[in-house]
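Descriptive analysis of the structure
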Amino acid sequence: MAAATWAFVPQFGFLALLVATFIALLPFKKYELRAEFRGCDETGDQWVSLVRCCTKSECRILKGVYSSAQ
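Residues numbered from 1 in each chain as written. Predicted model: local features only at pLDDT ≥ 70, side-chain atom pairs only at ≥ 80, totals over all residues. Heavy atoms only, no water.

A few words now on the nonpolar core. Soluble globular proteins tend to pack their nonpolar side chains together in the buried interior. By size, the foremost hydrophobic cluster in this structure holds 5 residues: Tyr31, Leu33, Cys53, Cys59 and Leu62. Beyond its immediate stretch of four places on either side in the chain, leucine 33 contacts Val48, Ser49, Leu50, Val51, Leu62, Val65 and Tyr66. (Core = buried A, V, L, I, M, F, W, Y, C linked by side-chain atoms within 4.5 Å. Buried < 20%, exposed > 50% of the residue type's maximum accessible area, 1.4 Å probe, protein only. Contact = heavy atoms within 4.5 Å.)

What follows is the structure, given as structure tokens:
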């Protein structure tokens, strides 16, 4: 988005860059619960994201899920 704006309407390029950066950071999540998926083919083992969250209270819930799974 920002690169196209910069190419065709240079006076709005920096504003488009700021807007695109803000939009890119909106879905950012701080905590994540992942599981290891053991592949049975040549791709090998992979980590898969199960749940993402932002707050510490949600993180405590994820830690409880993790400890009960072990």
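Back to the text.
Let us now look at the layout of surface pockets. Estimates place the volume of the largest pocket at around 160 Å³. For the largest pocket, the full set of lining residues is Tyr31, Glu32, Leu33, Arg34, Cys59, Leu62, Lys63 and Tyr66. Among the secondary structure elements, those contributing two or more residues to the lining of the largest pocket are β1 (31–37) and α3 (56–69). Its residues placed into classes, the lining of the largest pocket shows 5 nonpolar, no polar and 3 charged. (1 Å grid on protein atoms, 1.4 Å probe; cavity = no way out; pocket = protein on both sides within 12 Å on 5 of 7 lines; lining within 4 Å. Points joined across faces, edges and corners; volume = space filled by probe spheres on them. Helix = DSSP H or I, 4+ residues; strand = E, 2+ residues; numbered from the N terminus. Nonpolar A, V, L, I, M, F, W, Y, C, P; charged D, E, K, R; others polar.)

Relative to the assigned elements, threonine 43 resides in the loop between β1 and β2 (46–53). Threonine 43 gets classed as partly exposed once you look at its relative accessible area, which sits at 49%.

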